[in-house]
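Tertiary structure, described
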Amino acid sequence: MRALLVISLLMAGCSTSRPPIPEQPNAPTSEGIVSTVGKQWDTADQKVAASVSIARENAERPDIVRSETTVALSFLPPPEPGELALARARAAKADQKDYAAATAFGKNLLASIDKNWAKVEADNREALRVSQLKDARIAELTAEVERVKKEASANLWSLAAVGTAVAGALAMAFLGPKIGISLLLSSGAIGAFPFIVESEYFSYIVGTALALAACLGLWYLWDKVKDANNKPDEQPPPQV
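Every value quoted in this text rests on a predicted model; they were computed, and no experiment measured them.

1. Considerations on a nonpolar patch on the surface
- A cluster of nonpolar side chains, contributed by M172, I181, L184, L185, L216, L218, W219, Y220, L221 and W222, occupies part of the molecular surface with about 1000 Å² of accessible area.
- Sort the elements by how many residues they give to the nonpolar patch and helix α7 (residues 202–229) lands first, with 6 residues.
- Along the chain, the position of L184 falls in helix α6 (residues 177–198).

2. Here's the deal with the pattern of salt bridges
- Under the counting rule described, the total for this entry stands at 6 salt bridges.
- Across the salt bridge formed by K119 and D123, the nearest N and O atoms sit 2.8 Å from each other. One end of the pair is K119 and the other is D123, both in helix α5 (residues 96–174) and 4 residues apart, which spans about a single turn.
- Assessed through its relative accessible area of 21%, D123 is described here as partly exposed.
- Here E144 ties to R147 by a salt bridge, and the two come within 2.8 Å at their closest N and O atoms. Within this pair, E144 and its partner R147 are both found in helix α5, separated by 3 residues, close to a single helical turn.

3. Section: α5
- For α5, spanning 79 residues, the distance from its first C-alpha to its last is 116 Å, which sits close to the expected 117 Å at 1.5 Å a residue.
- Capping of α5 at its N-terminal end is provided by D95; its side-chain oxygen lies 3.0 Å from the backbone amide nitrogen of K97.
- G176 lies just past α5 and shows a positive phi near 110 degrees.

4. Comments concerning the layout of surface pockets
- Its volume calculated, the largest pocket comes out at about 1800 Å³.
- Lining the largest pocket are 30 residues, with V48, V52, L76, R90 and G106 sitting closest to its centre.
- The set of elements that each furnish at least two residues to the lining of the largest pocket consists of α2 (31–57), α3 (62–74), α4 (81–93) and α5.
- When residues of the lining of the largest pocket are assigned to their parent elements, the largest contribution, 9 residues, is made by α5.
- Per-class residue counts for the lining of the largest pocket are 22 nonpolar, 2 polar and 6 charged.

5. What to know about the packing of α4 against α5
- Between α4 and α5, whose axes approach to 8 Å, the crossing angle comes to 140 degrees. Facing R90, A91 and K93 of α4, the residues of α5 in contact are D98, Y99 and A102.
- Along the lines of polarity and charge, the residues of the contact of α4 with α5 split into 3 nonpolar, no polar and 3 charged.

6. Some points on a negative patch on the surface
- Together, D42, D45, D114 and E121 line one region of the surface with negative charge.
- Every element with two or more residues in the negative patch is listed here: α2 and α5.
- Tracing the backbone shows D45 in helix α2.
- Taking the relative accessible area as the measure of exposure, D45 reaches 37% and is therefore partly exposed.

7. With respect to unusual backbone geometry
- For A94, which is not a glycine, the phi torsion comes out positive at approximately 55 degrees.
- Along the chain, A94 falls in the loop between α4 and α5.
- Classification of A94 as partly exposed rests on a relative accessible area of 47%.

What counts as what
Residues numbered from 1 in each chain as written. Predicted model: local features only at pLDDT ≥ 70, side-chain atom pairs only at ≥ 80, totals over all residues. Heavy atoms only, no water. Patch = residues over 30% accessible without salt bridge, like charges linked within 9 Å, V, L, I, M, F, W, Y side chains within 5 Å. Areas by Shrake-Rupley, 256 points an atom, 1.4 Å probe, with all protein chains shown as cover. Salt bridge = Lys/Arg side-chain N within 4 Å of Asp/Glu carboxyl O. Helix = DSSP H or I, 4+ residues; strand = E, 2+ residues; numbered from the N terminus. Buried < 20%, exposed > 50% of the residue type's maximum accessible area, 1.4 Å probe, protein only. Expected span 1.5 Å × (residues − 1). Polar contact = N/O pair within 3.5 Å; in protein donor to acceptor, adjacent residues only side chain to side chain. 1 Å grid on protein atoms, 1.4 Å probe; cavity = no way out; pocket = protein on both sides within 12 Å on 5 of 7 lines; lining within 4 Å. Points joined across faces, edges and corners; volume = space filled by probe spheres on them. Nonpolar A, V, L, I, M, F, W, Y, C, P; charged D, E, K, R; others polar. Axes fitted to C-alpha atoms, helices over the stretch in contact; angles between N-to-C directions. Contact = heavy atoms within 4.5 Å. Lys, Arg positive; Asp, Glu negative; His and termini not counted. Charge placed at Lys NZ, Arg CZ, Asp CG, Glu CD.

Have a look at this one:
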């Protein structure tokens, strides 16, 4: 298919070069997927943050703390055994330096996640833009191929019409006007054929052409009969 497009463009004699299409990022081309996941992620994050914040505000009420942290955990996957053991060891040690380091790690990780997610959204927008450029280029090249095919077909019909016209002219000179005029009329019809087929008045033109052909046929028959009737009697005159 690509070779056909290249050959067709060369036949069309395209002198203008199209701008290259940029590389498409490895990302979804549908904005709906990324947007939906992003909104769901933000909702879960906000609910977890809200439940943990309420639990801290009610630290003196263990029942509230347990209930709110249960709500927060419902938005999170189960912890891996290694992470759970690390948190238990940190709680047993209760060293504020460990808590500060864990808090700093969490903030840095959240910033990295936000940065990477922003890149995913940007790649998604760019992938959609490049995909649309590709679709437009395919449609443009397909239309170019169709145009070249139509032009090639029209050129063939034009050459056939020229050949028939030349034959008609020769027939007019050597065989008489009947054959010559018929060929000349045929050459006009052949040359007009591709334009007639593409016309919105195709059915009307075909009907008119058929009517003219019928009239021409009737004229030919009438002329044939007339010539037969006017033909001189070739029998010799009676002897006296």
